[in-house]
Structures are given as C-alpha cells and as structure tokens.
Amino acid sequence: KMTLRIILIATALSFSIASSEAQGPRRPAPVIAETPQLSEISDDIEGIGTLAPKERVALTVNAADRVTAGYFEDGQRVRRGQTLLAQAQREQLAAIEGAEATVREAESVVQRMQSLVADGVVSGLEFDQAKRDLQVAVSELTSVQTRQRNRILMAPFDGVLGFRQVSVGAYLSPGDPVATLVDDSEMYVDFFVPDTALASIRSGLDVHATTSSLPGDVFEGTLVSTDNEIDPSTRSLRVRASLPN
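Residues numbered from 1 in each chain as written. Predicted model: local features only at pLDDT ≥ 70, side-chain atom pairs only at ≥ 80, totals over all residues. Heavy atoms only, no water.

Caption draft 1: Unusual backbone geometry, seen in detail. Unlike most non-glycine residues, Arg235 shows phi in positive territory, near 55 degrees. Topologically, Arg235 is positioned in the loop between β10 (219-231) and β11 (236-244). (Helix = DSSP H or I, 4+ residues; strand = E, 2+ residues; numbered from the N terminus.)

Caption draft 2: A look at the side chain of Ser236. Tracing the backbone shows Ser236 in strand β11. Within the local environment of Ser236, its side chain forms a polar contact with the side chain of Thr234, the two groups lying 2.6 Å apart. For Ser236, the contacting residues outside a window of four places in its chain are Phe192, Val193, Pro194, Asp195, Ile230 and Asp231. (Polar contact = N/O pair within 3.5 Å; in protein donor to acceptor, adjacent residues only side chain to side chain. Contact = heavy atoms within 4.5 Å.)

Caption draft 3: Region of interest: the side chain of Asp184. Within the element layout of this structure, Asp184 appears in strand β8 (residues 177-194). Given a relative accessible area of 16%, Asp184 falls into the buried group. Beyond its immediate sequence surroundings of up to four residues, Asp184 is in contact with Arg77, Val160 and Asn245. (Buried < 20%, exposed > 50% of the residue type's maximum accessible area, 1.4 Å probe, protein only.)

Caption draft 4: Local environment of the environment of Val109. Structurally, Val109 can be placed in helix α2 (residues 90-119). The partly exposed category is assigned to Val109, whose relative accessible area is 25%. Distance from Val109 to Ala130, taken between C-alpha atoms, is 6.9 Å for residues 21 residues apart in sequence.

Caption draft 5: Fine view of the sheet that holds strand β2 (residues 65-70). Pairing is antiparallel in the open sheet, where 4 strands are placed in the order β5-β4-β2-β7. Unpaired on one side and paired on the other, β5 (152-154) and β7 (171-172) mark the two borders of the sheet. One ladder, built from 3 bridges, connects β2 with strand β4 (residues 83-87); its direction is antiparallel. Paired with Val67 across the two strands is Gln87, which belongs to β4. (Pairing = 2+ DSSP bridges.)

Written out as structure tokens, the structure is:
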C-alpha cells in the first residue's frame, strides 16, 4: 500500500506540472519569510491535588501515669525538643538518686583497688569483678533515667500544635492522644497524572498550584517524587510536589 500511494502521488504531480506548462509560465507562489528563533514549548499536565503538611504526628506518652504539668496551649508554635507535658515522676527521681549513689560507690571501689592490684594486695580477678559491678551500676542508672524521660513529652520537630486533649491531673496510658503536631513549613500536594504522560514525568519539574480559597494566587513548587505503581482502574500515577508555605 505504501508503494502504491507513492506512485499515485507522483503521477498526480506530473500531471499537474504538465498542465501548468501547457497553460503558460507558472507564477511564483507567495511566501512569508521570518527569521528562525528558538522558543520553549510547554506541555502542561493538569490535575486535582490534595494538600498535606510535610510532617504530621499524633503526640502520645510512653508511660502510664498522671499528668502533673502542661506547657503548651492550643495552636502554639513549638521548637524541636521543647517540653510539652510532664507526668508524675517522684518515684523515678528517687530511683535515679539511688542509682547515682550506687555508681559513685562502685567508682570509688574501682579507684581504691587500682593501687592495691599494683601492690599485689588484691587479685586481678577481684579487680575485674569490681569493674563489672561498676558497669552494671551505670547500666541501671541509664535504665532509670530512660524511664524518667519517658514521663516527659517533648516536641519531635518544629511545628504548630492543634487542640490540647488532656488536662493536668488526667491519667494517661501509652497511646492516649495528647495533641497533633504539624510541620507546615513546607506543604505537599499529591495528584494523579495519566499513564500517557509518564515519559515526561521526572523529579525537578516545575509545578504551579491554585486554590479556590485564594483566587488569583499561584503557588510555585517542584515535583519531588512519584509513586511506585500505576492505579490499574484509572491508569494513572500518583505524584507529589513540594510547595513552600
């Protein structure tokens, strides 16, 4: 079919030229000349996206005990490591004091035995046992300090807090919600693109987002990642863009 088509076109052209020559000289066809220029062609892909914060976490406690102090208010901005809530820890503080005393005593024993081992008064076996006792005391101190820290809730990252869901005096168990912390310094927009556009999708592409809540405003961001599979029902791929807040 391709060969036949070429023959027919060539025949038609020959006939046209012959007819023109028979009618007289052929006038030049009008043309429009323009200097060639380089320009970018934009191939836009549109989609409806969902806005979400960079980080979001429901804050909870690690220990079961009563709340003794709260250090934040609804909607407050906090910094990473800032103390938000404390649970009863009188028993833990007493345990820490006892563990610290045990460590000091074990350290003193080891220091005294160092000179006695050199003089042959104390055997090396006894000195090794003293050092092991010191290691056990240090481990116990670390353990009680960890239990004490579990009764203090601190912000895991910079962000803004939601509503406080506990009050001083309330009894909390592990997993009970305290508040929601959101890092809104950067926002993510997830949207879907058709599989026909996969060849053009890559990290670093410019993204322009608009919202009906702020008509006329255009938020510029960058495509940061794509999902690892195509939705079989819609034949589309989920992608994510990052927008500075």
